[in-house]
Amino acid sequence: MFRSDAVPSLATSSLDWETMEQYFFWQLVSAHDIDIKVILSNITKLDYNNHPETLTSILLTLKKEKPTLDLLKPILCREIKPLNDQFVISVISSWYLEHGDNVANLVSQLLISRCPVVSPTKRKRGQGQGLGSRGGVAPPSAERILGHMERIRSRGTCPVLFRAEGMQKALQIAQAACTDTQRMLFSNLFQLLEEDEPHTPTTNRNSTSGKRGRKAAPTFGNSNKKNAKSVIKDLSDSSEESSEEEEVIKPRQTKKTEKNKCSRL
């Protein structure tokens with residue numbers, strides 16, 4: 001009933017139809033074995049506010065498809081604004097829930113292919129050529145891809161997407177290629193880069209390898225203990241004798257002083 005080459009023109013004509021008419025049209029399209037790439041040929045011309053029926057029908061069709069680079073490219077070519085346009089966010093989020101790391105690998109592969117090559121010297125200096133400086137590259141540009149990724153990040157629909165190894169590498173390459181203005185624009189997105197923390201080896205405090213051990217405190221044998229006791233006893237006896245002598249000497253001295261006073265009188 002439908003030919004594949006006639007679908008794009010019919011889809012464009014259906015934009016002026018009533019909502020119910022568009023619904024029946026897309027039901028007929030889904031009933032036929034029509035390549036989804038043909039449907040996506042006009043995806044960039046669809047407006048989120050004026051063509052919600054068509055975008056919703058295409059979104060439902062894309063959810064059933066397996067993500068590929070050929071499908072991802074036209075989707076990411078859509079404008080980033082208006083902010084209420086959730087088409088790209090919905091497609092990538094639904095794909096990620098179903099296919100996981102495959103989506104992250106496709107996005108990172110596409111982003112790396114759109115970034116200009118930065119020399120190691122400029123990379124160390126932080127001097128990027130800019131994401132739009134690579135000529136002859138088909139859309140979407142690296143800046144537009146990062147714009148869509150920033151919107152996905154701000155929505156928080158699939159935060160695990162940015163932790164994938166491929167996405168981390170792609171963001172690092174994109175950050176190195178950015179100008180200072182672009183780095184400020186996507187600063188929140190680049191903050192998702194995981195920094196490698198330097199590993200500090202922990203030393204065991206209880207280990208004594210390579211260190212001199214403490215000297216053991218001297219211990220007294222039985223003979224030494226007896227000698228110590230005898231010394232302590234002698235000291236106590238001598239202290240008692242000295243105290244008794246002091247008591248004897250003190251009254252004698254007082255008697256002499258009294259006699260001297262009487263003789264003077």
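The notes below deal with the structure included here. (Residues numbered from 1 in each chain as written. Predicted model: local features only at pLDDT ≥ 70, side-chain atom pairs only at ≥ 80, totals over all residues. Heavy atoms only, no water.)

### What about the overall build of the protein?
Then step 1. The secondary structure content of the protein amounts to 13 helices and zero strands.
Then step 2. Its helices and strands taken in sequence order, the protein reads α-α-α-α-α-α-α-α-α-α-α-α-α from the N to the C terminus.
Then step 3. Within the protein, the proportion of its 265 residues that are buried is 31%.
Then step 4. Taking all contacts inside the protein whose residues are at least 6 apart in sequence as the whole, residues at least 24 apart take part in 71%.
Then step 5. Here the protein displays about 18,500 Å² of accessible surface, and carbon together with sulfur accounts for 51% of that area. (Helix = DSSP H or I, 4+ residues; strand = E, 2+ residues; numbered from the N terminus. Buried < 20%, exposed > 50% of the residue type's maximum accessible area, 1.4 Å probe, protein only. Contact = heavy atoms within 4.5 Å. Areas by Shrake-Rupley, 256 points an atom, 1.4 Å probe, with all protein chains shown as cover.)

### Details of the packing of aromatic side chains
Then step 1. Counted by the stated rule, this structure contains three aromatic pairs.
Then step 2. When the centroid spacing of 5.7 Å and the interplanar angle of 85 degrees are considered together, the rings of Trp 17 and Phe 25 count as edge-to-face.
Then step 3. Residue classification places Trp 17 among the partly exposed residues on the basis of a relative accessible area of 34%. (Phe/Tyr/Trp six-rings, centres within 6.5 Å; stacked < 30°, edge-to-face > 60°.)

### Points about the layout of surface pockets
Then step 1. Looking at the largest pocket, its volume works out to about 390 Å³.
Then step 2. Trp 26, Ser 30, Ser 57, Leu 60 and Thr 61 are, among the 19 residues lining the largest pocket, the residues nearest its centre.
Then step 3. Looking at the lining of the largest pocket, the elements with two or more residues in it are α2 (19-31), α3 (36-39) and α4 (52-63).
Then step 4. With seven residues, the single largest contributor to the lining of the largest pocket is α2.
Then step 5. Looking at the lining of the largest pocket residue by residue, the classes come out as seven nonpolar, eight polar and four charged. (1 Å grid on protein atoms, 1.4 Å probe; cavity = no way out; pocket = protein on both sides within 12 Å on 5 of 7 lines; lining within 4 Å. Points joined across faces, edges and corners; volume = space filled by probe spheres on them. Nonpolar A, V, L, I, M, F, W, Y, C, P; charged D, E, K, R; others polar.)

### Brief notes about the nonpolar core
Then step 1. In terms of nonpolar packing, the biggest core is built from 51 residues, with Ile 58, Leu 62, Phe 87, Ile 92, Met 149 and Leu 161 touching the most fellow members.
Then step 2. In terms of residues, this core owes the most to one element, helix α6 (residues 87-99), which gives seven residues.
Then step 3. When residues are assigned to domains, this core turns out to be shared by domain 1 (1-65) and domain 2 (71-117 + 141-196), each giving three or more.
Then step 4. Excluding residues within four positions of it along the chain, Met 149 makes contact with Leu 76, Ile 92, Val 107, Leu 161, Phe 162, Met 167 and Leu 189. (Core = buried A, V, L, I, M, F, W, Y, C linked by side-chain atoms within 4.5 Å. Domains from an automatic or database assignment.)

### Let's talk about helix α7 (residues 101-114)
Then step 1. Its 14 residues place the ends of α7 20 Å apart at the C-alpha level, agreeing with the 20 Å of an ideal helix rising 1.5 Å per residue.
Then step 2. Along α7, the residues that are buried comprise Val 103, Ala 104, Leu 106, Val 107, Ser 108, Leu 110, Leu 111 and Arg 114.
Then step 3. Looking at the buried residues of α7, the elements they touch are α5 (69-76), α6, α9 (142-155) and α10 (165-177). (Expected span 1.5 Å × (residues − 1).)

### Quick look at a nonpolar patch on the surface
Then step 1. On the surface, a nonpolar cluster with roughly 350 Å² of combined accessible area is contributed by Met 20, Tyr 23 and Phe 24.
Then step 2. Mapping Met 20 onto the fold places it in helix α2. (Patch = residues over 30% accessible without salt bridge, like charges linked within 9 Å, V, L, I, M, F, W, Y side chains within 5 Å. Salt bridge = Lys/Arg side-chain N within 4 Å of Asp/Glu carboxyl O.)

### Re the state of the cysteines
Then step 1. The final tally for this structure, using the stated rule, is zero disulfides.
Then step 2. Note on Cys 178: no disulfide assigned, nearest cysteine sulfur contributed by Cys 115 at a separation of 7.2 Å.
Then step 3. For Cys 178, a relative accessible area of 0% translates into the label buried. (Disulfide = S-S within 2.5 Å.)

### Digging into empty space enclosed by the protein
Then step 1. Per the counting criterion, the structure on display carries one cavity of 30 Å³ or more.
Then step 2. Approximately 30 Å³ is the volume attributed to the largest cavity.
Then step 3. Taken together, Glu 79, Ile 80, Asp 85, Val 88, Ile 89, His 148 and Arg 151 form the lining of the largest cavity.
Then step 4. When contributions to the lining of the largest cavity are tallied by element, the ones reaching two or more residues are α6 and α9.
Then step 5. The residue inventory of the lining of the largest cavity, partitioned by class, reads three nonpolar, one polar and three charged.

### A closer look at the side chain of Ser 14
Then step 1. Tracing the chain through its elements places Ser 14 in the loop between α1 (7-13) and α2.
Then step 2. Sequence-distant contacts of Ser 14, that is, excluding residues within four places in its chain, are made with Gln 22 and Phe 25.

### Observations regarding the packing of α2 against α4
Then step 1. At a closest axis distance of 10 Å, the pairing of α2 and α4 adopts a crossing angle of 25 degrees. With respect to each other, α2 and α4 are oriented roughly parallel. Handedness of the crossing formed by α2 with α4: right-handed. Note on element contacts: α4 touches α2 through Glu 53, Thr 54, Ser 57 and Ile 58, opposite Thr 19, Gln 22 and Trp 26. (Axes fitted to C-alpha atoms, helices over the stretch in contact; angles between N-to-C directions. Parallel < 35°, antiparallel > 145°, perpendicular 65-115°, else oblique. Left-handed = near helix turned anticlockwise from the far one by under 90°.)

### Considerations on α10
Turn by turn, an α-helix covers 3.6 residues, leaving residues three or four places apart pointing in a common direction.
Then step 1. Along its 13 residues, α10 runs 19 Å from first to last C-alpha, staying within 8% of the 18 Å computed at 1.5 Å per residue.
Then step 2. For α10, the full list of buried residues reads Met 167, Gln 168, Ala 170, Leu 171, Ala 174, Ala 176 and Ala 177.

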